[in-house]
Amino acid sequence: MDENQTIDHDRILRINIEDEMKSSYIDYSMSVIVARALPDVRDGFKPVHRRILYGMLGLGNTNDKPYKKCARVVGEVLGKYHPHGDSSVYGALVRMGQDWNMRYKLVDGQGNFGSVDGDSPAAMRYTECRLSKMGEHIMDDIDKETVDMVNNFDDTLQEPAVMPTRVPNLLVNGGNGIAVGMATNMPTHNLSEVIEGCCAYIDNPEIDTEGLMQYIPAPDFPTGAYIYGLQGVKDAYETGRGRVVMRAKAEIESDESHDRIVVTEIPYGVNKQQLIEYIADLVKEGKIDGISNVNDETGRQGMRIVVDVKRDANAKVILNKLFKMTALQSSFSVNCIALIPNKNNALLLRPKLLSLCECVGYFVDHRHDVTIRRTQYELRKARERAHILKGLIIACDNIDEVVHIIRGSKTPAEAQSKLEKRFELDNLQSKAIVDMRLSQLTGLRMDQLHAEYDDLMKQIDYLQSILDDPEKCKELMKAELREVKEKYGDERRTQIIPDEHEFNAEDFYPNDPVVITVSHLGYIKRTPLSDFREQARGGVGSKGAHTREKDFTEYIYPATMHQTMLFFTKKGRCYWLHCYDIPEGDKTSKGRAIQNLLNIEPDDAVNAFLRLRGRGLLDEDFINSHYVVFATKNGTVKKTCLKEYSRPRANGVIAINIVEGDEVVDVRLTNGDNELILANRNGRAVRFDESAIRPMGRVSTGVRGMKIDDDDDAVVGMIVVNDAEKETVMVVSEDGYGKRSDVEDYRKTNRGGKGVKTMSITEKTGRLVAIKNVTDDNDLMIINKSGIVIRLAVAEVRVMGRATQGVRLINLAKKNDVIASVCKVMSSELEATAEEESRQEMRENNAQFDESTNQAVSTDNVNDIESNDDTEEIIDFEK
């Protein structure tokens, strides 16, 4: 070292290299996260997109103006707001103009902007662009101090920190980005659905994910195709992370020579050309057999990929292989990370993993802030203008004196001073008067001043009401959002296909008790059991369903949402339906035609049913140990193993062979060792052991169970005795009389006899219409043909001899009105307990999973209250 050289030790700082690397890296990573890679939850933009749109607005490059070269826009953005590479700016600009990447384009491009095949766009010197109409809506009211403005990179200009968008852009157009230590990947959505979801959130900020999914059911991709399964969507909406499975839209076309698979829509983000090449490679490598050729026939009519299938190959099998091995079925991994503002300082941002409710909530909060700030700005401007107009009106009303003062003043300042003193004006008003043109002194212009002032005062009152009334502010926000929906909303492109192998449909429905009703003309519905309140014996009832003329509620059944329903028609066919698939309605609604749910013949009708709890037909031990017992109008009975009805078919199956002139009256489920009681219209009943009926095949006719007296007589019902000591036999007549009798009052006989008297039939009581086995824990629901419903406690009806006529259960208000249907349910005191136990059981069982069927195991706890006997739990169904 030279002797003359010295070391300035004061300028050397000794630091720990580990601390320096840590702090420097954190600074760098936060810069990338906040200022480059992640979108803002409020407007859905990264800084580069925001700067491109704002730069285009500054250039006047709007939708109603001619296109400008993309190079000019890129130069404007680079020079004023975004000092980075031109390729990054041009790439972001191009993406906002690609309709296969953006659900709704924000840039209207002209020239080669690339293609879905992965082709690169032309250079920026060749392409042109301008803002789309929706792109302009992103910046509505930006000149009204609606958002914070910050300095650009060299502090010479200002740019918006966030856009005052009316479009929920983060959800609508999605986005992706890779930051440091985190990344984001947001799917696109349908504008109309998202706006309705935002309006629902405005009305109810406490809405949950399930509630929002009623409006925003799933993503909606610009390339269409299908979303296959909803469990991944639900996970993404609830947690911010999930996997959305997408499938191409493919159909099999056939002609005389061969079949072909035609793909018209592919999953979002899939490169069409690479997809075709990959299919061709699989065929060459022998991984997929049966394909002779793959062609890309895409044209102006839309996308069309044609896969020719060899004559001896199965097109459906090949299509399934393509779904499994190629991008015809792919997934979108949702990772909803976005920047959220600090509550105390909106310019401070931090990343957060967001659920659907949070995304909507932050956007709604932003719209509220923009609306308030815009209203405050307009109110201030309106008041300033009204203040000036007030001075001008004073001048016009005293024009001669004003002219005299101005002419007598040497300078404008002196004139202003004199006017202020004379008319008590401020500087702004006096200056406006001095600057006023002579043309404003005409009578017409003076009238216009007064009219403008009156309009401004009305506007001031309206703007102030928005600031004072939160509800009016909410209505304004919803109106502005729906205005955007009216202009740009469209139909959903991506269809949703629930995949039964990916989720259990029972997870979407609580296992609540319901009442299934079927009208005489075949309208069916389910109604919550809680809708039917209990009444005292002898009441007149409450109004039931509004049915069509000459229609009435004929059958009424208690059930729970998770049960499987087996429907039996009078002609002896069997159909299957889940309770949650039955349309819901209140007590007064008509319901839906059962022919729209089941493929029933026009001259047939459902008149009996079974309901199975939990796994039902999937439990091998259960279906092999239980039997279906039929009773027909003419007294025939038949017993068949439940296994014979365990394979549902869309068109139903033959359940019993019905002879001409006969029809099914009742169907019961038994354990093989029960006792049966049949009753007829003439008030007689026969009791015998179930073992007296041998098991038969599904298409057999059966044997005689009860002898019918005459052609006018018929069997009205059948009950299964489970506990002769606890249960009683309830019979009801058509004129509203009923009674209870002990089971032991009916002596046990052989099947096929006439039976014993079960009720004294008189002209006052009318003939028998129903027989039920009940306990004191049951309620009765009675419906007459006029639609009146009454619910009464069984305990209120005393037990009496079987040969008595009973007591009045319901007063028939209308002449010629008769009882149409009788049903037993649990008493109202037990319903709350049963319903809560049912809900708790559902929550516990949803955590279990049946490996063999891939469906959640669920049990019905509602009927457990009545008896611990396994059969009673299942056969508490009533016609």
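So, here's what we can say about the structure. As the structure is a computational prediction, the values presented were derived from the model and not from experiment. (Residues numbered from 1 in each chain as written. Predicted model: local features only at pLDDT ≥ 70, side-chain atom pairs only at ≥ 80, totals over all residues. Heavy atoms only, no water.)

## Some points on the overall build of the chain
For the chain, the count of helices and strands is 20 helices and 41 strands. Looking at the 879 residues of the chain, the share that counts as buried comes to 51%. Excluding contacts between residues fewer than 6 apart, the proportion of contacts in the chain whose partners are at least 24 apart in sequence is 72%. Per element, the accessible surface of the chain, about 41100 Å² overall, is 46% carbon and sulfur. (Helix = DSSP H or I, 4+ residues; strand = E, 2+ residues; numbered from the N terminus. Buried < 20%, exposed > 50% of the residue type's maximum accessible area, 1.4 Å probe, protein only. Contact = heavy atoms within 4.5 Å. Areas by Shrake-Rupley, 256 points an atom, 1.4 Å probe, with all protein chains shown as cover.)

## Looking at the sheet that holds strand 23 (residues 573–578)
The strand order across the open sheet formed by four strands is 25-22-23-28, and the pairing between neighbours is antiparallel. A single partner strand is all that each edge strand has here, and the edge strands are strand 25 (606–612) and strand 28 (653–654). (Pairing = 2+ DSSP bridges.)

## Digging into the environment of Thr-749
Locating Thr-749 in the fold gives a position in the loop between strand 35 (737–742) and strand 36 (756–757). Judged by its relative accessible area of 29%, Thr-749 falls in the partly exposed class. As for Thr-749 and Phe-688, which are separated by 61 residues in sequence, their C-alpha atoms are 5.4 Å apart. Non-local contacts of Thr-749, meaning those with residues more than four positions away in its chain, are made with Val-686, Arg-687 and Phe-688.

## With respect to the pattern of salt bridges
Applying the stated criterion to the full structure yields 48 salt bridges. Across the pair Arg-103 and Asp-220 runs a salt bridge, and its minimum N-O distance is 2.9 Å. Here the residue Arg-103 occupies a position in the loop between helix 4 (86–95) and strand 2 (107–110), and Asp-220 occupies one in the loop between helix 8 (209–212) and strand 8 (226–228), the gap between them amounting to 117 residues. We note that Arg-103, like Asp-220, is buried. Where Asp-148 meets Arg-373, a salt bridge forms, and the shortest distance between an N and an O atom there is 3.1 Å. (Salt bridge = Lys/Arg side-chain N within 4 Å of Asp/Glu carboxyl O.)

## Quick look at the sheet that holds strand 10 (residues 249–254)
Reading across the sheet, the four strands line up as 10-11-13-12 and stay open at both edges, with antiparallel pairing between neighbours. Each having just a single partner strand, strand 10 and strand 12 (291–296) make up the two edges of the open sheet. Adjacent strand axes in the sheet meet at a mean angle of 20°, parallel and antiparallel pairs treated alike. Relative to strand 13 (residues 305–309), strand 11 (residues 259–265) runs antiparallel, the two sharing four bridges. The residue bridging Ile-261 from the neighbouring strand is Val-307, located in strand 13. (Axes fitted to C-alpha atoms, helices over the stretch in contact; angles between N-to-C directions.)

Spatial relationships are all this shows, so hold off on functional conclusions.
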